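# Coordinate analysis (summary)
Here are the chains, one letter per residue:
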Amino acid sequence: MKKVHYDVSGLVNSESRTKLRNSLDKITGVQEVEVDINRGTVEVEFNEPATRQQIKICIENTGYDIKG
């Protein structure tokens, strides 16, 4: 299993967490999604066919910016 970590801006409340988690869960291969609003981080555990690029694009398309 692979794991990716992103610092994300715009995570402000539990609605943000739910919205992002629901979007990422739609990607085939995503196993676990952890959204930490206080730290502004997202960690995703995934297997193929999901890719890091696909996860990054999903976060951005959901309306959040990846820092760094």
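These lines cover the structure that appears in this document, whether it is placed above or below. Once a new chain begins, its residue numbering starts again from 1 and follows that chain's sequence as written. Given that the model is predicted, a residue must reach a pLDDT of at least 70 before its local features are reported, and side-chain atom pairs must reach 80 or more before they are shown or counted; all residues, however, enter totals for whole chains, interfaces and linings. In computing side-chain properties, one takes all heavy atoms of the structure into account and sets aside hydrogens as well as water.

## Looking at the overall build of the protein
Counting its regular elements, the protein contains 2 helices and 4 strands. When the helices and strands of the protein are listed from N to C terminus, the series reads β-α-β-β-α-β. Just to be clear, the radius of gyration here is over C-alpha atoms, and the globule rule we use is 2.2 Å times residues to the power 0.38. Taking 68 residues into account, the globule formula puts the C-alpha radius of gyration at 11 Å, and the protein, at 11 Å, falls close to it. Its C-alpha atoms give the protein principal-axis dimensions of about 30 × 25 × 20 Å. Any residue under 20% of the maximum accessible area for its type is buried, any over 50% is exposed, and the rest in between are partly exposed; the area is computed with a 1.4 Å probe on protein chains only. Across the 68 residues that make up the protein, the buried fraction comes to 37%. For the protein, the accessible area works out to roughly 4200 Å², and carbon and sulfur atoms hold 40% of it. Within this scheme the basic residues Lys and Arg register as positive and the acidic residues Asp and Glu register as negative, but His and the chain ends are omitted. Every charge is mapped to an atom, namely NZ of Lys, CZ of Arg, CG of Asp or CD of Glu. In the protein, the 10 positive side-chain charges and the 11 negative ones have mean positions that sit 2 Å from each other. Only DSSP runs of H or I reaching four residues or more are called helices, and only runs of E reaching two or more are called strands; each is numbered from the N terminus. Surface accessibility in these figures is a Shrake-Rupley result with a 1.4 Å probe; residues are shielded only by whichever protein chains are displayed.

## Some details on the nonpolar core
Within this scheme, the nonpolar core is defined by two criteria: the residues are buried Ala, Val, Leu, Ile, Met, Phe, Trp, Tyr or Cys, and they are joined through side-chain atoms within 4.5 Å. Counting residues in hydrophobic clusters, the biggest one holds 19 residues, and the most contacted among them are Leu 24, Val 42, Ile 55 and Ile 59. Broken down by secondary-structure element, the contributors of at least two residues to this core are strand 1 (2-9), helix 1 (14-25), strand 2 (30-36), strand 3 (41-46) and helix 2 (52-61). Residue contacts follow a heavy-atom distance rule, with two residues in contact if any of their heavy atoms lie within 4.5 Å. Dropping the residues within four chain positions of it, Leu 24 is found in contact with Val 30, Val 33, Val 42, Val 44, Ile 55, Cys 58 and Ile 59.

## A word on the pattern of salt bridges
Each salt bridge in this description consists of a side-chain nitrogen of Lys or Arg and a carboxyl oxygen of Asp or Glu lying within 4 Å of one another. A complete count under the given rule lists 3 salt bridges for this structure. Of the charged contacts in the structure, one is a salt bridge between Lys 3 and Glu 45, with a shortest N-O distance of 3.9 Å. Taken as a pair, Lys 3 in strand 1 and Glu 45 in strand 3 lie far apart in primary sequence, 42 residues in all. Residue Lys 3 is classed as partly exposed on the basis of its relative accessible area of 47%. On the accessibility criterion, Glu 45 (27% relative accessible area) is partly exposed. Of the charged contacts, one joins Asp 36 and Arg 39 as a salt bridge, the two residues approaching to 3.2 Å between their closest N and O atoms. A residue is classified by how much of its surface remains accessible, and Asp 36, at 25% relative accessible area, is partly exposed.

These figures capture arrangement, not role.
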